[in-house]
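These are the residues of each chain, in order.
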Amino acid sequence: MMGINSTRKQKVHSLTGRITPQLLLDSFKAVKRNRGAAGIDKVSIKMFEANLADNLRALLRDLKNGSFEPFPLRRAYVPKNEMELRPLGIPAVRDRVAQEAVRRLLNPIFERLFHDSSYGFRQGRNCHGAIRRTLALHHQGLRVVLDADIQTFFDNLPQPVIMKAVAAEVADGNILRLVQKFLRSGVMENGVFKPTTIGTPQGGVMTPLPQKVTSLSNGR
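Because the structure is predicted, anything quoted here is derived from the model rather than measured.

> Tell me about the overall build of the protein chain, and name the residues and values.
From N to C terminus, the protein chain includes 8 helices and 4 strands. Secondary structure elements of the protein chain, listed N to C terminal, follow the sequence α-α-α-β-β-α-α-α-α-β-β-α. Buried positions account for 38% of the 220 residues belonging to the protein chain. Residue pairs at least 24 apart in sequence account for 72% of intrachain contacts in the protein chain once pairs closer than 6 positions are excluded.

In structure tokens:
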């Protein structure tokens, strides 16, 4: 008789059940600390907070029953260097709270999988830690540093690659659909809607997570 394969990957189920009023409240507090401008609905953090209980109650209902639909992002540009501007997509406050809640659910799942020498966009890690790690490697005798960047990589990353990497660890269909909705929310620029069918939106709360997750599928 065949035995059970104990090495089979165990995916995470029932994340939707972990979306609670307290999670949304904590997520709002994080969004408020990070400040930021209003999205295309023109609702500021202060306006959202003025009716906080009702707003979070409605958001909880929509996230739980699968009816949540994010607004398109509001396009804004920030200086990249002296010659170039970097496009950002600013989500509505309501959507930032939803993104933060999903990020808090997903982050512990993927955090344990990242390489110990990865310092980008990770809680408790920063540039100073990366410098200390680099100096430690230098003291061990390593002398070569490779500085490399793939231009607009995450702007052009196929979304099915992102979703495949997330689905490899998560089996909750509602959460997977939420991630996909965030990726495909589109952008409003000068009154014109532009779909986002490729890449990860730059500027949202969840932006770093798909980038980190995808690095796992690339073996980095």
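> Would you mind going over the pattern of salt bridges in detail, with residue names and values included?
What the rule picks out here adds up to 10 salt bridges. The closest approach of N and O atoms between arginine 94 and aspartate 95, which form a salt bridge, is 2.6 Å. Comparing arginine 94 with aspartate 95 shows no difference in burial state: the two are buried. Here glutamate 100 and arginine 103 are joined by a salt bridge, their closest N and O atoms 2.9 Å apart. One end of the pair is glutamate 100 and the other is arginine 103, both in helix H4 (residues 93-111) and 3 residues apart, which spans about a single turn.

> Quick rundown of the packing of aromatic side chains? Include the residues and the values.
When we look at a pair of aromatic rings, we describe it by the centre distance and by the angle of the planes. If you walk through the whole model with that rule in mind, you get 2 aromatic pairs. With a centroid separation of 5.7 Å and 25 degrees between ring planes, the pair formed by phenylalanine 28 and phenylalanine 48 is classed as stacked. With phenylalanine 28 in helix H1 (residues 21-34) and phenylalanine 48 in helix H2 (residues 45-50), this residue pair connects regions lying 20 residues apart in the sequence. Given a relative accessible area of 5%, phenylalanine 48 falls into the buried group. A centroid spacing of 6.0 Å and a plane angle of 65 degrees characterise the contact between phenylalanine 68 and phenylalanine 182, whose relative ring orientation is edge-to-face.

Rules behind the numbers
Position numbers for residues count from 1 along each chain, tracking the sequence in the order it is written. Given that the model is predicted, a residue must reach a pLDDT of at least 70 before its local features are reported, and side-chain atom pairs must reach 80 or more before they are shown or counted; all residues, however, enter totals for whole chains, interfaces and linings. For the side-chain quantities, the full set of heavy atoms in the structure was used; hydrogens and water were omitted. Numbering of helices and strands runs from the N terminus; a helix is a DSSP stretch of H or I covering at least four residues, while a strand is a stretch of E covering at least two. Throughout this description, buried means an accessible area under 20% of the type-specific maximum (1.4 Å probe, protein chains only), exposed means over 50%, and partly exposed covers the range between. Whether two residues are in contact is decided by their heavy atoms, any of which lying within 4.5 Å being enough. Here a salt bridge means any side-chain nitrogen of Lys or Arg lying within 4 Å of a carboxyl oxygen belonging to Asp or Glu. Any two rings among Phe, Tyr and Trp, with Trp reduced to its six-membered ring, count as a pair given centres within 6.5 Å; such a pair is stacked if its planes are under 30 degrees apart, edge-to-face if over 60, and tilted if neither.

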